[in-house]
Every structure is written in structure tokens, then in C-alpha cells.
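The chain contents come next:
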Amino acid sequence: MGVALQASDEQVKLWNGAAGRAWVETRELLEGMFRPLEELLVEAVSDAAASRVLDIGCGTGATTFAVARVLGGRQGHCTGIDISEPMIAAGRARAEREGRPVSFICADAQTYPFAPASFDMIILRLGVMFFADPVQAFANLRRAARPGAALRFIAWRGAAENPFMTTAEQAAKPLLPDLPARRPDAPGQFGFADRKRVETILEHSGWYAIAIEPVDVALRFPASELTRYVSWLGPVGTMLQAMEEPRRTQVIETVRGAFDRYIHGNDIRFTAACWMVAARAPAATAHG
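Small disclaimer: the values here were computed from a predicted structure and weren't measured.

The next thing to look at is the overall build of the chain. Along the backbone of the chain there are 12 helices and 8 strands. For a compact globule of 288 residues, the expected C-alpha radius of gyration is about 19 Å, and the chain comes in at 19 Å, within 12% of that figure. Counting every position in the chain, which comprises 288 residues, the buried fraction comes to 52%. Contacts spanning at least 24 positions in sequence make up 82% of the contacts within the chain whose residues lie at least 6 apart. As displayed, the chain offers around 13100 Å² of accessible surface, 51% of which is attributable to carbon and sulfur atoms. The average position of the 31 basic charges and that of the 32 acidic charges among the side chains of the chain differ by 3 Å.

Turning next to unusual backbone geometry. Backbone phi values are negative for most residues with the exception of glycine, while trans is the configuration of most peptide bonds. Put simply, Glu245 and Pro246 share a cis peptide bond, and its omega is 0°. Of note, Ala117 is a non-glycine position whose phi angle comes to about 50°, a positive value. Ala117 gets classed as partly exposed once you look at its relative accessible area, which sits at 30%.

So, on to the nonpolar core. Inside soluble globular proteins, nonpolar side chains tend to come together where they are buried. Counting 71 residues, the largest nonpolar core has Ile122, Phe138, Phe153, Trp207 and Tyr229 as the members making the most contacts within it. No other element matches strand 8 (residues 267-280), which puts 8 residues into this core. For Phe138, the residues in contact, after removing those within four places along its chain, are Val128, Phe131, Leu151, Phe153, Phe192, Ile201, Leu202, Ser205 and Trp207. With 19 residues, the next largest nonpolar core counts Val45, Phe65, Phe104 and Ile123 among its residues.

Of all residues in the chain, 95% have pLDDT values of 70 or greater, and the mean over the chain is 91. The low-confidence segment residues 1-7 (pLDDT under 50) makes 4 contacts with residues lying over four places distant or belonging to another chain.

Considering all chains together, one arrives at 12 salt bridges under this definition. Here Asp267 and Arg220 are joined by a salt bridge, their closest N and O atoms 2.9 Å apart. Of this pair, Asp267 sits in strand 8 while Arg220 sits in strand 6 (residues 208-222); the two residues are 47 residues apart in sequence, bridging distant segments of the chain. Here Asp267 makes a salt bridge to Arg269, at a shortest N to O gap of 3.9 Å. It is possible to trace a salt-bridge network through shared partners that takes in Glu31, Arg94, Glu98 and Arg100.

Calculation notes
Residues numbered from 1 in each chain as written. Predicted model: local features only at pLDDT ≥ 70, side-chain atom pairs only at ≥ 80, totals over all residues. Heavy atoms only, no water. Helix = DSSP H or I, 4+ residues; strand = E, 2+ residues; numbered from the N terminus. Rg over C-alpha atoms; globule rule 2.2 N^0.38 Å. Buried < 20%, exposed > 50% of the residue type's maximum accessible area, 1.4 Å probe, protein only. Contact = heavy atoms within 4.5 Å. Areas by Shrake-Rupley, 256 points an atom, 1.4 Å probe, with all protein chains shown as cover. Lys, Arg positive; Asp, Glu negative; His and termini not counted. Charge placed at Lys NZ, Arg CZ, Asp CG, Glu CD. Core = buried A, V, L, I, M, F, W, Y, C linked by side-chain atoms within 4.5 Å. pLDDT = per-residue confidence, 0-100. Salt bridge = Lys/Arg side-chain N within 4 Å of Asp/Glu carboxyl O.

The structure is reproduced here in C-alpha cells:
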């Protein structure tokens, strides 16, 4: 329990600090880059004919708004939840501008007291890997799900299958000996790489009809945004935010060169190796 609380505190600090600022600063870049993954979840919502959808780890709300556009014709509603105050603030500001059927909660979905059986679909795009106690989190989400509600989420597979995502760290390592190493058993980007672990987490938290399929999705963003990407995002970007010149420029230039193999014309292109996970809440009254 103590370890879980410590991990949760670390995530709250991270996403309300450097990582949260980075996602707000680069939200247009990230929204464009991750749109193909967003579209997979929007398609799942559309096919499920859901009307009350919960978007976990919603960030600045890109997927929340995309789902809300589908739900608008059904008189439905999408609720986004995230622990990051700066990202939720960005989502709420957009909601005021656009008037979509959305709402946002700034809280930890692992422990937030959702109204029981209040959603007929729960989705997550790349946010699921950051739970301090995944079994507790998914049990809490199951209680928030209506009987028979659908769960759909996308999570990264392993680092070896996603070399793009560790390119900056590999290039910067000689210059940044204090760069924290990724721990495969800790909350983080590749925390759900082990397929069997994901299945076990869902089973132990009360979900059933579990299906886990690999998906390989082509992603891209403008090559002109590479410096911004390197400067803000990932473990290297986090360190760069607090780094003084001229060392900061030296690191950025070194890291930029490592991405040359991903440049195709005016774009950075890479493949996201992910899991597409589907499950259902019990159809009867097993919401304990």
C-alpha cells in the first residue's frame, strides 16, 4: 500500500508539474500525432452505441471532445478525468468555447468516488499505464460502469517494439548521466507491455470477456516540430525544462540528430506498437 501511495504521489507531482506543462505547451502537436489512436476509440464508441462515456487520463481533452461529437446526436455526454490541473484547465477552457456535451474532473480515477453504474462505456488512450495500483483502479472503474458496459483502451506495448519512444533517451544518455532509467514494473509509458499482466489485472478487478490484440498504427507529426517535441516531451524533455544554456542547446542538437531516420519529407513518421484492449463489466449485480 505504501509503495502504491508513493507512486501515486509521484504521478500527481509529475503531471501537475513538468509533464503537465509539457502536454499543454505541445497539445496541438500531440493531438495531431495521436489522432489515429483517438479514431480507433471513437470508432469503438460509435459501434457500441454508447451514450454516457468516461474518458480516463483525458489530458487536455482531445479524445473527450472527439467522442462528444459522436454523442451529440444521441443526446449523450462524455466526461473526462485526469490528475493534471493544467491539462484539465485547458480542456475546460475549450469546453467553454465550443459548447460540447463534455465535462471534466480533476482527480485520480483510481480512487475517485464515481456514482455507481453511471457509465455505459469507459475508454482510455495511453493513460492507463500510470495507475499506482491498477487492480484498485480498474475495480473502481468497474463500479462506475453500468451492467454490461464496455471497456476499451489503448496501451503501449514494450520499449523494444517502440524504438522511436526511447530515441531521445538513448541519444542523450552520454550527456545526461542522471537521466532516470525506466523501470518496467513501475507506473509509466510501458507499464502495460506484458499482455498476461494486463489480462490478470482486468480479471482480478472484476472485468470479463477480455480481448487483447496488438495494433500497429502509423503516426506522424511535422518535422518542423521536432525541436519542440525533443525540448518538452519524455524524460529528456522534462530535464531540459530546467536546464541552463549552453548545455540545453547542446543536448537538443545531439538528440535531434538521432531522429534523422524518422524524417520522411516534411514529416516525422513512426509506428506505435500498442495493445487494443476490450472487456465488459458484469451483466448482473456484481458491482461490489
